[in-house]
Amino acid sequence: MASFLSDGGTGNEGTLQNRRRRILVVDDDATSRLLMAAAFDEQGFLVTEAASGARAVELFPTVKPDLVVLDLLMPGLDGFDTCLELRRQSPNVPIVMLTGLHDIESINRAYKVGATEFATKPISWVLLGHRLRYVLRAAEALASVKRTTTRLEAAQRIAQLGYWEKDINSNEVHCSPQMRNILGTDPDKATLTWARFLSLVHPDDRQSFQEREGGVILSREPNGFDFRLVRPDGRVRFVRQETEVSLSENGRVVSLVGTLQDMTERREAEDRVRFLDHHDPLTGLKNRAHVTEWLERRMDRGRGTPLAVLCFDVDHFSRINESMGRSVGDLALQRFAERLLTEVNLFSQSTQIQGELTFAHLGGDKFLVAIEGLSRDEDVALVARGIQAAMRDPFVLEKSEIFVSVSAGLSMFPRDGETAEELIANAETASRHAKSQSLGSHRFFSLVENNRTAHSLQIGNELRRAIERNELRLHYQPQIDAVGQVLLGVEALVRWQHPERGLLAPSEFIDVAEDTGLIVPIGEWVLRTACEQIQGLRKTGMGPFTVAVNLSPRQIRDRELIPTISRILQRTGLEARYLDCEITETGLMGQALSEISVLHELKKLGTSISVDDFGTGYSSLSYLTRLPLDTLKIDKSFIADCTEKNASASIVRAIIAMAESLGLATIAEGVSTQAQADFLKENGCAFVQGYLFAKPMPIEALGPWIRKRSWVSKTAPSRRPSPALLRASAN
């Protein structure tokens, strides 16, 4: 049975009737214990007996009684000392002491050691039982009050709410503990003089405070108001006071009573929220919401109001985060903001701007300047160039100097937008166009470019659905040893069977796929489909020949490329030596060392590697020697007029000669005339690809094309191809 201290009872009689309370009876007389046990049990109590004070002290923590009946006169540990020991263990359990002594001194001593009630012998045990019920109810009611008081004090502490009462006659203010905590006064002094209380009110608020307090007395109506306190330690606190009067029976004001709540944290939080509504927390500059409102207010004046919006985008900012850490990146943004403020303020002081200007951090590495009073493009461009020039000076971050450039996009009202949102969005669009064209440049918004961007966005959305709807197709263009009349391989070329526009070439969508990242799932689909279809042809006896698949730079950077290719080769059954991975020369030159290692992993896998569009990327010879390449594919732009005595012919000869020196094979793309084929054979390039031999065709047409022309041969080709092609031809 739970004790009085632990049961959390409600204190009502129903609870007492429904629960059997445990009583610890302590008496050295066995007869008295027997009589009490019988009487108390009859009245519904659970009784535990102790024959001595020492035994009672021992049993108390185990029994956890709701009440103790304790005889005063006992040998050894008497009732007084036993009561003291029990009170050390629990200050709240009721203790009723039984005594045959009738002197006042013994009774006073009993109360002094902690007795709750006493009864004198001889005792009516039945009446004592009812008396014990009363003691239990009273004790439980007292405990309930204490719990309520404790909870109230806790609530006031959490709410930082204090209570006070001012006596009108004595001018003394009685303060609750939480009130003293708010004021910062001595916690042991519950009373302050009114003069001392007033001295803690902020000097600037003191007169208003006294007027409001006087108004409460005169009107006798409750009133609440805010003011500031200055604590003894000098800290200023914002508080809310509620005051009302207390009246005597004849209606005279005898005291003021009220509450005082510390609102400092709430006030600071509200101020912080208001600040963040219009400011960027990192840089302290205004945010997008503020600059939008700023522009809208000025646009409301009419279309004749000259407004310019300049959006600055830090070039390659991600490199700072990646190389130096995000904390240094945040510091860099703060330094950019400081310099932006300085430069624009200097500009505004040195020119005749009629209106105002404002700054904003749009998030990430984007900053914005909005200027009223500039109507000419050349003036806006001058501001942009000045800021860009200032940003090129080095920034010192963590004892290191960093150099950055910023690209700028510019928009003008009303030419480039009728609303603030349009003006800002178009400046951001222009900054992206500037960055894509030339880092560190600036561009005005162009509707033509914006329409082109919108078209790309539409293509991207449709392309994403095309992958889901299986609208992609593969066409294959043969690669021929024109001298030996041997089919060396085929190149897989992706097409899009658009439901409305028909069959689309890669030039219509590959750039968008690269920009959006869709090139990765498209590339995986091309790899899987090409391997499946070519392996299917090989199983019919057509072979051996390779299939070349283009890999984009984004695919090369994808960590899952090697596992993906391994998985596809394993599932389709195509041997790795029959897969030729092509990457453009420009994509190859842009790779980091970690990405070049991917090429070596491809080589270990057993595939061959070709450089597509060779001659357009200006590769260095020393760079090529470090790469695991097999074939150079001469770009078709050089083949188109290679039969003429011009630079293209010289470049083709140079590429063939360089490939020979590196032990690489060469394939010429875009061969469309016999004269071109003859020129290539004469200069040592017998491997060709182009319309002279075959246009790209679907897999359904490739098999019949091969059978009709008997291109596949197990004899060695007339000139040395790449190692992969030699391995394929040997089998």
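Please refer to the structure higher up on the page.
Residues numbered from 1 in each chain as written. Predicted model: local features only at pLDDT ≥ 70, side-chain atom pairs only at ≥ 80, totals over all residues. Heavy atoms only, no water.

Enquirer: Can you explain the pairing of strand β17 (residues 406-413)? Please cite residues and give values.
Expert: When you tally the buried positions in β17, you get eight out of eight residues, the bulk of the element. Across the two faces of β17 the burial is the same, with Val406, Ala408, Leu410 and Met412 and Ser407, Gly409, Ser411 and Phe413 all buried. The pairing of strand β12 (residues 307-314) with β17 spans eight bridges and is antiparallel. Its bridge partner being in β17, Phe312 is matched across the sheet by Ala408. (Buried < 20%, exposed > 50% of the residue type's maximum accessible area, 1.4 Å probe, protein only. Helix = DSSP H or I, 4+ residues; strand = E, 2+ residues; numbered from the N terminus. Pairing = 2+ DSSP bridges.)

Enquirer: Could you give me a rundown of the nonpolar core, with the residues and numbers involved?
Expert: One finds Leu463, Tyr476, Val547, Leu579, Val652, Leu680 and Leu702 to be the most contacted residues of the largest nonpolar core, which totals 80 residues. For this core, the element with the highest residue contribution is helix α18 (residues 519-539), accounting for nine residues. When near neighbours in sequence (up to four residues on either side) are disregarded, Val547 contacts Tyr476, Val490, Ala492, Ala530, Ile534, Leu574, Tyr578, Leu579 and Asp580. By size, the runner-up hydrophobic cluster in this structure holds 35 residues, among which are Phe312, Phe367, Ile371 and Leu374. (Core = buried A, V, L, I, M, F, W, Y, C linked by side-chain atoms within 4.5 Å. Contact = heavy atoms within 4.5 Å.)

Enquirer: Describe the sheet that holds strand β7 (residues 172-175), and please don't skip the residues or the numbers.
Expert: With respect to topology, six strands assemble into an open sheet ordered β8-β7-β6-β11-β10-β9, the strand pairing being antiparallel. Of all the strands in the sheet, the pair left with one neighbour each is β8 (191-193) and β9 (223-230). Taking the axes of each pair of neighbouring strands and ignoring which way they run, one obtains an average angle of 30° across the sheet. Bridging between strand β6 (residues 161-167) and strand β11 (residues 253-262) involves seven bridges; their strand directions are antiparallel. Across the sheet, the residue bridging to Trp164 is Gly258, located in β11. Contacts from helix α9 (residues 203-219) reach β6, β9, β10 (236-247) and β11, with the element oriented near 150° to β9. (Axes fitted to C-alpha atoms, helices over the stretch in contact; angles between N-to-C directions.)

Enquirer: Give me helix α3 (residues 53-63): which residues, what numbers.
Expert: Among all positions in α3, only Gly53, Ala56, Val57, Leu59, Phe60 and Val63 are buried. Two residues or fewer past α3, Lys64 is found with a positive phi of approximately 50°.

Enquirer: Summarise the packing of aromatic side chains; cite the residues concerned and give the values.
Expert: Counted under the stated rule, the structure contains 11 aromatic pairs. Their ring planes at 15° and their centres at 5.3 Å tell us that Trp194 and Phe197 sit as a pair that is stacked. Placement of the pair is Trp194 and Phe197 together in helix α8 (residues 194-199), with a separation of three residues, close to one helical turn. Of the residues examined, Phe197 reaches a relative accessible area of 1% and is grouped as buried. Ring centres of Phe209 and Phe225 lie 5.8 Å apart, and the angle between their planes is 70°; on these two criteria the pair is classed as edge-to-face. Residue Phe209 is found in helix α9, and its partner Phe225 is found in strand β9; the two are separated by 16 residues along the sequence. For the residue pair Phe209 and Phe225, the accessibility class agrees, reading buried in each case. Site record: aromatic cluster; members linked through ring pairs are Trp164, Trp194, Phe197, Phe209, Phe225 and Phe227. If you follow Arg109 out to its NZ or CZ, it ends over the ring of Phe80, 4.0 Å from the centre. Above the ring of Trp194, the side-chain terminus of Lys166 is found at 3.8 Å from the ring centroid. (Phe/Tyr/Trp six-rings, centres within 6.5 Å; stacked < 30°, edge-to-face > 60°. Lys NZ or Arg CZ within 6 Å of the ring centre and 35° of its normal.)

Enquirer: Summarise the side chain of Glu462; cite the residues concerned and give the values.
Expert: Assignment of secondary structure puts Glu462 in helix α16 (residues 447-468). Within the buried set, Glu462 has no salt-bridge partner at all; the shortest N-O distance to an opposite charge, 4.7 Å, is to Arg465. Engagement of the side chain of Glu462 in a polar contact is seen with the side chain of His498, the distance being 2.9 Å. For Glu462, the residues in contact, after removing those within four places along its chain, are Trp496 and His498. (Lys, Arg positive; Asp, Glu negative; His and termini not counted. Salt bridge = Lys/Arg side-chain N within 4 Å of Asp/Glu carboxyl O. Polar contact = N/O pair within 3.5 Å; in protein donor to acceptor, adjacent residues only side chain to side chain.)

Enquirer: Quick rundown of unusual backbone geometry? Include the residues and the values.
Expert: Here the bond from Phe413 into Pro414 is cis, since omega is 5°, no more than 30 degrees from zero. Mapped onto the secondary structure, Pro414 falls in the loop between β17 and α15 (420-437). Look at Arg220: it is not a glycine, yet its phi comes out positive at around 60°. Mapped onto the elements, Arg220 comes out in the loop between α9 and β9. Of note, Asn470 is a non-glycine position whose phi angle comes to about 60°, a positive value.

Enquirer: How would you summarise the sheet that holds β17 if you had to cite specific residues and measurements?
Expert: Taken in spatial order, the five strands make up an open sheet running β13-β14-β12-β17-β18, and their pairing is mixed. In the strand order of this sheet, the two ends are held by β13 (357-363) and β18 (442-444), each with one partner. Strand-to-strand, the axes of this sheet are offset by a mean angle of 20°, without reference to chain direction. Relative to strand β14 (residues 366-372), β12 runs antiparallel, the two being bridged by seven bridges. Counted as the bridge partner of Cys311 is Leu368 from β14. Strands in contact with α15 are β12, β13, β14, β17 and β18; relative to β17, the strand with the most contacts, it is inclined by about 145°.

Enquirer: Before we move on, could you go through the pattern of salt bridges and cite the residues and values that matter?
Expert: Here the structure, examined in full by the defined rule, presents 32 salt bridges. Between Asp262 and Arg237 there is a salt bridge; the shortest N-O distance is 3.0 Å. Placement of Asp262 in strand β11 and of Arg237 in strand β10 is noted, with a sequence separation of 25 residues between them. Pair check on accessibility: Asp262 and Arg237 agree, each one buried. With a closest N to O distance of 2.5 Å, Lys603 and Asp630 form a salt bridge. One end of the pair, Lys603, is in helix α22 (residues 593-605); the other, Asp630, is in the loop between α23 (621-625) and β25 (631-634), and 27 residues separate them in sequence. For Lys603, a relative accessible area of 29% gives the class partly exposed. In the salt-bridge network here, residues are joined through shared partners; they are Arg298, Arg301, Glu356 and Glu372.

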